[in-house]
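Architecture and fold: a report
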Amino acid sequence: MLLPTARQDKLVRATDLDALSCKVCASTKGYFGEKDRFLAPLVASYKSNLQFCDGYTALSAERTLRAAFSTAKFPLINRGTFLRTRALDMVVDRFVLEQKKCQVLALGGGSDTRAFRVLEKYSQVKYMEVDFPELVKIKKLAILKLEILQAAVGANEGIDLIEVTSKEELRDMYSDFVTERYALVGFDLRLCSKGDKAQAAAAFLFLDPSLPTLIISECVLCYLSPGDFVGVLRFFGDFLEHPSLILFDPMSLGDGFGHSMVSNLSNRGIDLQTFQTFPTLESRQALLEEQLGFSAYLTDMAAVGGFSVPDLNWLSQEEVQRISSLEMMDEVEEITLMLRHYSLIYGEKNQRAHFPEELQWKLQPKYK
Ligand SMILES: C[S@@+](CC[C@H](N)C(=O)[O-])C[C@H]1O[C@@H](n2cnc3c(N)ncnc32)[C@H](O)[C@@H]1O
């Protein structure tokens, strides 16, 4: 039996499987154009190793994986997954092209494949991912097993393959995996806010604090308490000399749809803690600018998808036509409502090269 806090953490870690299964479905349906070839190794690693994770048995792991991967997602979920991935990719691309020599830090990177894609595409970038040690081990086992992942992260040839066959082996395995350009580190982000700051900084030694750094938090900080949410951002704002942020999170907007999002998740035992404390774009802007000293550019995903603000052109006409032809989507009002509850926020502090104006414009709430 897990203690209540360990049970809560297990549920939060399980959200990674949701995110992965959504990406697998969107990729299979053709939303990303070319299939994301890095997804399959991560799914395979989950299939082999989830049974050894805290709070799972072979049977419950099998049931969980079947529930995640056996049914296709609704078109509106696929569209949302595509938009979120595409928008963050665009911001990362622009940041990297603008800053040239820089680094990316993905908080709660889970099974996301962006690190592999970015490292493959841009040779001047360093990329670090942190998540709970157990999830980092699942990703590390995938990397140790497959050459395509090793090649993407610049791992030397001849690294040892580790196969885990029991809970004890997974528990005792060293979580981190580091190359010259990539670091995968097992770390509980709450320690940035609560713990000894010097100790927390030691977990991020891979980063050069003087380099422009883009911190990505894709549906991660929402699982922290409001105090930890602010504490984590403050920690990185102090630790890095030129920090930028791209944050994707749900927000309540204080309406009925927001309430039903909270109750759906609380039925699964998940407490979306910052959802209500910072319920709107305006409250998030005030937090970033007034409390944390970032310049912030904000929008919601309905605007990114072209559902609420015309002519923002996050997507080209061809791309809109391409994804519209993949699946029938007659629930336009429903998807607009859902996407309005997801914020996309870019923030920067002391950056040498500023965020491109064209993207600043797209991220301004006053255009809504
Ligand atoms: C919804 S998943 C998103 C994963 C990934 N960012 C993506 O978009 O595919 C949330 C992730 O945040 C991680 N996470 C949540 N709280 C965390 C914490 N305190 N420390 C480290 N990781 C955390 C979870 O383990 C999980 O991998």
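Everything quoted here is computed from the prediction, not taken from an experiment.

**Comments concerning the overall build of the protein**
Of the regular secondary structure elements, the protein holds 18 helices and eight strands. Here the C-alpha radius of gyration of the protein, 20 Å, is about what a compact globule of 368 residues would show, namely 21 Å. Reported as C-alpha extents along the three principal axes, the dimensions of the protein are approximately 55 × 45 × 40 Å. In the protein, buried positions account for 57% of the 368 residues. Partitioning the intrachain contacts of the protein with sequence separation of at least 6 by distance along the chain shows that 79% fall at a separation of at least 24. Entry remark: accessible area of the protein is about 16,200 Å², with carbon and sulfur atoms responsible for 53%. Here the protein holds 41 positive side-chain charges and 49 negative ones, and the gap between their average locations is 2 Å.

**Observations regarding the nonpolar core**
If you look at the biggest cluster of nonpolar residues, it comprises 87 residues, and the most contacted ones within it are Tyr127, Tyr182, Trp314 and Leu344. Of the residues forming this core, the biggest block, ten residues, is contributed by helix α4 (residues 75–99). In this structure, Phe239, Met251, Leu287 and Leu298 belong to the second largest nonpolar core, which totals 39 residues.

**Details of the site of the ligand**
Contacts to the ligand come from 23 residues, most closely from Lys23, Gly108, Asp131, Asp188 and Leu189. One nitrogen or oxygen atom from the side chain of Asp131 is found 2.6 Å from an oxygen atom belonging to the ligand. Here a nitrogen atom of the ligand and a backbone polar atom of Glu218 are 3.0 Å apart. Coverage of the ligand by the protein chains reaches 98% of its 590 Å² of free accessible surface. For the shell around the ligand, the leading source of residues is helix α1 (residues 4–29), giving six residues. Its residues placed into classes, the shell around the ligand shows ten nonpolar, four polar and nine charged.

**Structural notes on the pattern of salt bridges**
In a structure, side chains of opposite charge can pair up when their charged atoms sit close to one another. What the rule picks out here adds up to 22 salt bridges. Where Glu218 meets Arg84, a salt bridge forms, and the shortest distance between an N and an O atom there is 2.7 Å. Residue Glu218 is located in strand β5 (residues 212–218), and its partner Arg84 is located in helix α4; the two are separated by 134 residues in the primary sequence. Exposure class is identical for Glu218 and Arg84. Each is buried. A salt bridge links Asp228 to Lys194; its shortest N-O distance comes to 2.6 Å.

**Thoughts on the pairing of strand β6 (residues 242–250)**
A large share of β6 lies buried, amounting to nine of its nine residues. Sheet topology note: the β5/β6 ladder contains seven bridges and is parallel. Pairing of Ile215 across the sheet is with Leu245, part of β6. With respect to chirality, the unit in which β5 leads through helix α11 (residues 226–239) into the neighbouring parallel β6 is right-handed.

**Some thoughts on the environment of Ala87**
Residue position: Ala87 is located in helix α4. Taking the relative accessible area as the measure of exposure, Ala87 reaches 1% and is therefore buried. Residues Ala87 and Leu315 lie 228 residues apart in sequence; the distance between their C-alpha atoms is 8.9 Å. Ala87 has contacts with Met301, Val304, Trp314 and Leu344, leaving out every residue within four places of it along the chain.

**Looking at the sheet that holds strand β1 (residues 102–107)**
Sheet architecture is open: eight strands sit in the order β3-β4-β2-β1-β5-β6-β8-β7, paired in mixed fashion. Each end of this open sheet is capped by a strand with a single partner; those strands are β3 (177–178) and β7 (295–300). Sheet strands in contact with helix α6 (residues 133–145) are β2 (125–131), β3 and β4 (182–186), and its direction is about 140 degrees off that of β4.

**Section: the UniProt feature "binding site: S-adenosyl-L-methionine" (unreviewed entry) in the protein**
In the numbering used here, UniProt assigns the "binding site: S-adenosyl-L-methionine" (unreviewed entry) feature to Arg84, Gly108, Asp188, Leu189 and Glu218. Taken along the chain, the residues just named run across 135 residues; in space they spread out, the farthest C-alpha pair reaching 24.2 Å. On the basis of relative accessibility, which here comes to 16%, the residue Arg84 falls in the buried class. Ignoring anything within four residues of it in the chain, the contact list for Arg84 reads Ala19, Glu218, Cys219, Phe248 and Met301.

**Some thoughts on the environment of Tyr182**
Structurally, Tyr182 is set in strand β4. Taking the C-alpha atoms as reference points, Tyr182 and Glu34, 148 residues apart in sequence, are found 24 Å from one another. Setting aside residues up to four positions removed in sequence, Tyr182 forms contacts with Ala115, Leu119, Tyr127, Glu129, Lys139, Ile143, Val153, Phe177 and Phe206. At 2.5 Å, the side chain of Tyr182 and the side chain of Glu129 are in polar contact.

**Structural notes on the pairing of strand β8 (residues 342–348)**
For β8, a buried count of six out of seven residues is recorded, marking the element as mostly surrounded by other parts of the structure. In terms of strand pairing, β6 meets β8 through seven bridges, oriented antiparallel. Among the inter-strand pairings, Pro250 is bridged to a residue of β8, identified as Tyr342. The sheet contact formed by β7 and β8 spans six bridges and is antiparallel. Each residue of the ladder has a partner; that of Ser295, found in β8, is Glu348.

Conventions we followed
Residues numbered from 1 in each chain as written. Predicted model: local features only at pLDDT ≥ 70, side-chain atom pairs only at ≥ 80, totals over all residues. Heavy atoms only, no water. Helix = DSSP H or I, 4+ residues; strand = E, 2+ residues; numbered from the N terminus. Rg over C-alpha atoms; globule rule 2.2 N^0.38 Å. Buried < 20%, exposed > 50% of the residue type's maximum accessible area, 1.4 Å probe, protein only. Contact = heavy atoms within 4.5 Å. Areas by Shrake-Rupley, 256 points an atom, 1.4 Å probe, with all protein chains shown as cover. Lys, Arg positive; Asp, Glu negative; His and termini not counted. Charge placed at Lys NZ, Arg CZ, Asp CG, Glu CD. Core = buried A, V, L, I, M, F, W, Y, C linked by side-chain atoms within 4.5 Å. Near = heavy atom within 4 Å. Polar contact = N/O pair within 3.5 Å; in protein donor to acceptor, adjacent residues only side chain to side chain. Nonpolar A, V, L, I, M, F, W, Y, C, P; charged D, E, K, R; others polar. Salt bridge = Lys/Arg side-chain N within 4 Å of Asp/Glu carboxyl O. Pairing = 2+ DSSP bridges. Right-handed = clockwise from strand over helix to strand, strands pointing away. Axes fitted to C-alpha atoms, helices over the stretch in contact; angles between N-to-C directions. UniProt positions renumbered as here; feature names shortened; annotations may be inferred.

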